[in-house]
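Chain by chain, the residues:
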2 protein chains.
Amino acid sequence: MTPVTAGSDKSLRELFIEAATEAIEDAGVDKLDSMYVGNMMSGYLQKQEHLGALMATAIGRQGIPTYKVEGACASGGVATNAGVKAVLSGLESIVLVGAVEKMSGYTTPQVTEGLMMAEDRSKVAATGISFVGLNAMIAREYMHRYKVKSDDLAEFPVLCHENALANPRAQFHKRISVDDVLRSPLVADPLRLFDCSAIGDGAAAIVLVPLDKARKFTDSPVEITSSAVATDTLSLYQRPDITTFEASRKAATHAFGVAHIKPDDVDVLEVHDAFSVLGIMALEDLGFERKGSGVQLLKEGVCTREGHLPTNTFGGLKARGHPVGASGAYQIAELALQLSNRADKCQVPNAETGVAQSIGGIGATVAVHVLKRVA
Amino acid sequence: MTPVTAGSDKSLRELFIEAATEAIEDAGVDKLDSMYVGNMMSGYLQKQEHLGALMATAIGRQGIPTYKVEGACASGGVATNAGVKAVLSGLESIVLVGAVEKMSGYTTPQVTEGLMMAEDRSKVAATGISFVGLNAMIAREYMHRYKVKSDDLAEFPVLCHENALANPRAQFHKRISVDDVLRSPLVADPLRLFDCSAIGDGAAAIVLVPLDKARKFTDSPVEITSSAVATDTLSLYQRPDITTFEASRKAATHAFGVAHIKPDDVDVLEVHDAFSVLGIMALEDLGFERKGSGVQLLKEGVCTREGHLPTNTFGGLKARGHPVGASGAYQIAELALQLSNRADKCQVPNAETGVAQSIGGIGATVAVHVLKRVA
């Protein structure tokens, strides 16, 4: 994982090279059978597609089978899913999944328009609403229906900023309080600046091999026990209830089922908190708390690194950073470090089972992965 | 497959709906386990990403796992590869692969810049050269090295236009002669207008199931016997020889090997003739003729529908049309019709084995598929 920054002097490909090289060296693999590149916005922002061949060339691996996989902000999550299927297909044994996004260096209108590529351009973006605006509507409805207040939502970014203090690669190293969140500028009512993840540049990569080969490369292998992708209607206006993401519920039910785990079995959790309300909704949609009560887990300290359900242990999207198409791969890499007991100051004790949830668009695509330490 | 046209009044999603609906109805499947959407330029031209969830919603299948797969002009080919891996993974049984591109309705500079996203923006596009210009350099070098003339190259578009006369979905229904090609306007010396595929809108879709389930849906199943993707350096300037595409050779060697076939076994061939010279190079790179002599196959009539190696039997990229990210899926759909004896006036007699080659960028990504009629 590269550090996440806004205004990296590294290009899209330099970010990718850094993460891919680190992953390949860490895994100790020589040859790669294939590579899957997760990215959302390169066509729009960098006017560059064909990232498969481009990145393979950049890391000196031209020749290998590779292509780009895109699922909006869940691109890193769905690229991991593509990598898992490649290994399970039996066609490829040593697979690199790398995901990258470079969002800085562009104007705010450019990035704002770029993010709206995740929603329906012809019917929704045409109204002039922004991506933050759509999430603000969710927050407003959620707060109204469940009698939740802004200072409740603020618990999520406070947790993430606290956790990021221990992560040298995090975008923000700044402890914040609920009051700091409430005093930060309004972006789209009721969401304030500190309710929102920031623009960031970054790349993350992981190496996948069949489980029976993993011991050749490491003494502490981590298994991807299940990889599930689910979708919903592309647009919010098409949903009967905007305070829950059906795609999260569906992907989690499937992934938990395949992995034979219940929510109580999860030792470390990474959720897609692009906005504070999404972090809290994730705790509910993944089955850790009943609808409308997710914030209780935060108030009771359950989600801290010392709690029963350590959540966003490297800082999450809010504080580790959210280079959109890369974030899903950061989550997988962070869980791999946790489950192999290599998370340094971010380490959760005795983590054996981890879950990552990555969201594309307004809950329209969700990837859920269950990872386990291999005994 | 939708008809290919320049200036379709259908939107990107309407094109996809048409092809996907036809494929689903033709296959007689009710439920889909997943969908892979091939597309190259939607982020740049339509300012729309997240085509997985968007298209699933558009065809009333929201909920299914789906994402976009991109490999420049080979996007339809690599999306098919992703679908094959999904089925082989055992995770998904009924998989739709759909690929779509809408290129019309934009200015020539916009489409020209969009196509250059397949090459290296920072190092190559920055020089001002266009995608056609790069292919013209290949043509010039090829002609020089192998003593091939413009009227030799012209044999390829002449063949494609002849074949397209029998394809009601083709973009062009116009017989052309070598002289017509030679008299058409220069685009990038030595390539003339009729050496080049045109801007087009279109979508194609196929349904994949495990072979042992195929008989449930059809009496004439077609097997994807092998699916190979290979890459090369992204850019032409990084190659020792620009008159051959190493990625074509590599993908073909792999795909032919897995399928246990030799070039002589191929009954019908679809190659990526975005420019006349590429069609001829493909005949050589795939092993049907020695380097520099590909045009002999055309002159001897080998590639006609009545010859030993019927090639681009529906008109190829030149005359069926080349909606870039969709063309690779058109090839697979056309081979499926040929091998199930449903190609109507395009039918090649007794075709049992077919090969499709789809190129992304300047030979930087190549997908080769071998398909066989199931006895």
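Note that this is a predicted model, so its numbers are computed, not measured.

Side note on the relation of the copies chain A and chain B
Phase 1 of the analysis: With an RMSD of 0.0 Å, the operation that places chain A on chain B is a rotation of 180° combined with a shift of 0.0 Å along the axis. The transformation just described matches what one would write down for a two-fold rotation axis. For chain A, the smallest separation between a C-alpha atom and the rotation axis is recorded for S89 of chain A, amounting to 2.0 Å.

Digging into the environment of M103 of chain B
Phase 1 of the analysis: Checked against the element boundaries, M103 of chain B lands in the loop between β3 (95-102) and α5 (108-115).
Phase 2 of the analysis: Contact partners of M103 of chain B, with chain neighbours within four places excluded, come to M41, L45, V111, L115, I199, G200, D201, H322, P323 and V324 of chain B.

Some remarks on empty space enclosed by the protein
Phase 1 of the analysis: Evaluation of the coordinates by the stated rule reveals 2 cavities of 30 Å³ or more.
Phase 2 of the analysis: Those elements giving two or more residues to the lining of the largest cavity turn out to be α4 (75-88) of chain A together with α4 (75-88) of chain B.
Phase 3 of the analysis: Looking at the lining of the largest cavity, the element that brings in the most residues is α4 of chain B, giving 3 residues.
Phase 4 of the analysis: Tallied by class, the residues present in the lining of the largest cavity amount to 7 nonpolar, no polar and 2 charged.
Phase 5 of the analysis: Approximately 30 Å³ is the volume attributed to the second largest cavity.
Phase 6 of the analysis: Along its surface, the second largest cavity is lined by C73, F131, N135, H272, A274, F275, L278, I359 and G361 of chain A.

Observations regarding the interface of chain A and chain B
Bring the parts together and some accessible area is lost; that lost area is often taken as the interface size.
Phase 1 of the analysis: At the junction of the two partners, chain A supplies 54 residues and chain B supplies 54 residues.
Phase 2 of the analysis: Across the interface of chain A and chain B, roughly 4,200 Å² is buried in total on both sides, 56% from carbon and sulfur atoms.
Phase 3 of the analysis: It is H50, Y67 and K85 of chain A that lose the most area in chain A upon contact with chain B, and together they represent 18% of the buried surface on that side.
Phase 4 of the analysis: For the pair chain A and chain B, the number of links is 4 salt bridges.
Phase 5 of the analysis: Across the contact surface, chain A and chain B share 36 residue pairs in polar contact (both at pLDDT 80 or more).
Phase 6 of the analysis: Listing elements by their share of the side of chain A that touches chain B, those giving two or more residues are α2 (42-46), α3 (51-58), β2 (66-70), α4 and β7 (222-231) of chain A.
Phase 7 of the analysis: Per element, the largest residue contribution to the side of chain A that touches chain B is 6 residues, and it comes from α4 of chain A.
Phase 8 of the analysis: Considering only residue class, the side of chain A that touches chain B consists of 22 nonpolar, 18 polar and 14 charged.
Phase 9 of the analysis: As paired elements, β2 of chain A and strand β2 (residues 66-70) of chain B share 3 bridges and run antiparallel to each other. When the bridges of β2 of chain B are listed, K68 of chain A appears paired with E70 of chain B.

What about the confidence of the model for chain A?
Detailed reading of the predicted coordinates is not advisable wherever pLDDT is low.
Phase 1 of the analysis: In the predicted model, chain A carries a mean pLDDT of 97, and 100% of its residues have values of at least 70.
Phase 2 of the analysis: Both scores are given for the predicted complex: the pTM is 0.98, the ipTM 0.98.

A closer look at the pattern of salt bridges
Pairing is possible between side chains that carry opposite charge, provided their charged atoms lie close to one another.
Phase 1 of the analysis: Taken as a whole and assessed by the stated rule, the structure comprises 42 salt bridges over all chains.
Phase 2 of the analysis: A salt bridge links R169 of chain A to E22 of chain A, with the nearest nitrogen and oxygen atoms 2.7 Å apart. Residue R169 of chain A is found in the loop between α8 (155-164) and α9 (178-183), and its partner E22 of chain A is found in helix α1 (residues 12-27); the two are separated by 147 residues along the sequence.
Phase 3 of the analysis: R169 of chain A sits in the partly exposed class, given a relative accessible area of 23%.
Phase 4 of the analysis: The salt bridge involving E113 of chain B is made with R121 of chain B; its shortest N-O contact spans 3.3 Å.
Phase 5 of the analysis: The class for E113 of chain B is partly exposed, based on a relative accessible area of 28%.

Overview of helix α12 (residues 276-285) of chain B
Residues lying three or four places apart along an α-helix face the same way, a consequence of the helix completing one turn every 3.6 residues.
All names here are of chain B.
Phase 1 of the analysis: Counting buried residues along α12, 10 of its 10 residues qualify, which places the element largely inside the surrounding structure.
Phase 2 of the analysis: Burial in α12 covers these residues: S276, V277, L278, G279, I280, M281, A282, L283, E284 and D285.
Phase 3 of the analysis: Following α12 by one or two positions, G287 adopts a phi angle in the positive range, close to 95°.

Here's the deal with the packing of aromatic side chains
All names here are of chain A.
Phase 1 of the analysis: In total, this model carries 8 aromatic pairs over all chains according to the counting rule given.
Phase 2 of the analysis: Look at Y142 and Y146: their rings are 5.2 Å apart centre to centre, the planes differ by 55°, and that puts the pair in the tilted class. Of the two residues, Y142 and Y146 are both situated in helix α6 (residues 131-146); the distance of 4 residues between them amounts to about one turn of the helix.
Phase 3 of the analysis: On the basis of relative accessibility, which here comes to 22%, the residue Y146 falls in the partly exposed class.

Description of unusual backbone geometry
Residue and element names in this part refer to chain A.
Phase 1 of the analysis: The omega torsion of the bond from D189 to P190 falls at 10°, within 30 degrees of zero and hence cis.
Phase 2 of the analysis: Among the secondary structure elements, P190 is positioned in the loop between β4 (186-188) and β5 (191-192).
Phase 3 of the analysis: Positioned with a positive phi, D344 is a non-glycine residue whose angle comes to about 50°.
Phase 4 of the analysis: As for its position among the elements, D344 is in the loop between α15 (327-339) and β9 (353-360).
Phase 5 of the analysis: Residue D344 is classed as exposed on the basis of its relative accessible area, which comes to 69%.

Some details on the environment of L298 of chain A
Residues and elements named next belong to chain A.
Phase 1 of the analysis: For L298, the location among the structural elements is in helix α13 (residues 294-299).
Phase 2 of the analysis: Among the residues examined, L298 registers a relative accessible area of 10% and is labelled buried.
Phase 3 of the analysis: The spatial distance from the C-alpha of L298 to the C-alpha of A364 is 26 Å, given a sequence separation of 66 residues.
Phase 4 of the analysis: In contact with L298, not counting residues within four places along its chain, are E155, F156, L159, I280, L283 and C303.

Focus on the side chain of D152 of chain A
Residue and element names in this part refer to chain A.
Phase 1 of the analysis: Structurally, the position occupied by D152 is in helix α7 (residues 150-153).
Phase 2 of the analysis: Its relative accessible area of 8% is what places D152 among the buried residues.
Phase 3 of the analysis: If sequence neighbours within four positions are ignored, D152 has contacts with I280, V295 and K299.

A short note on the sheet that holds β2 of chain A
In any sheet, the strands associate via hydrogen bonds between backbone groups, in a parallel or an antiparallel arrangement.
Phase 1 of the analysis: Taken in spatial order, the 8 strands line up as β6(A)-β3(A)-β1(A)-β2(A)-β2(B)-β1(B)-β3(B)-β6(B) in an open sheet, and their pairing is mixed. In this open sheet, the two edge strands, each paired with only one partner strand, are β6 (201-208) of chain A together with β6 (201-208) of chain B. Across the sheet, the mean angle from the axis of one strand to that of its neighbour is 25°, orientation sign disregarded.
Phase 2 of the analysis: The sheet strands contacting α1 of chain A are β1 (34-38), β3 (95-102) and β6 of chain A, and the helix crosses β6 of chain A at an angle near 30°.

Conventions adopted
- Residues numbered from 1 in each chain as written.
- Chains lettered and ligands numbered in written order.
- Predicted model: local features only at pLDDT ≥ 70, side-chain atom pairs only at ≥ 80, totals over all residues.
- Heavy atoms only, no water.
- Least-squares fit on C-alpha atoms with pLDDT ≥ 70 in both.
- Helix = DSSP H or I, 4+ residues; strand = E, 2+ residues; numbered from the N terminus.
- Contact = heavy atoms within 4.5 Å.
- 1 Å grid on protein atoms, 1.4 Å probe; cavity = no way out; pocket = protein on both sides within 12 Å on 5 of 7 lines; lining within 4 Å.
- Points joined across faces, edges and corners; volume = space filled by probe spheres on them.
- Nonpolar A, V, L, I, M, F, W, Y, C, P; charged D, E, K, R; others polar.
- Buried area = accessible area lost by both parts, 1.4 Å probe.
- Salt bridge = Lys/Arg side-chain N within 4 Å of Asp/Glu carboxyl O.
- Polar contact = N/O pair within 3.5 Å; in protein donor to acceptor, adjacent residues only side chain to side chain.
- Pairing = 2+ DSSP bridges.
- pLDDT = per-residue confidence, 0-100.
- Buried < 20%, exposed > 50% of the residue type's maximum accessible area, 1.4 Å probe, protein only.
- Phe/Tyr/Trp six-rings, centres within 6.5 Å; stacked < 30°, edge-to-face > 60°.
- Axes fitted to C-alpha atoms, helices over the stretch in contact; angles between N-to-C directions.

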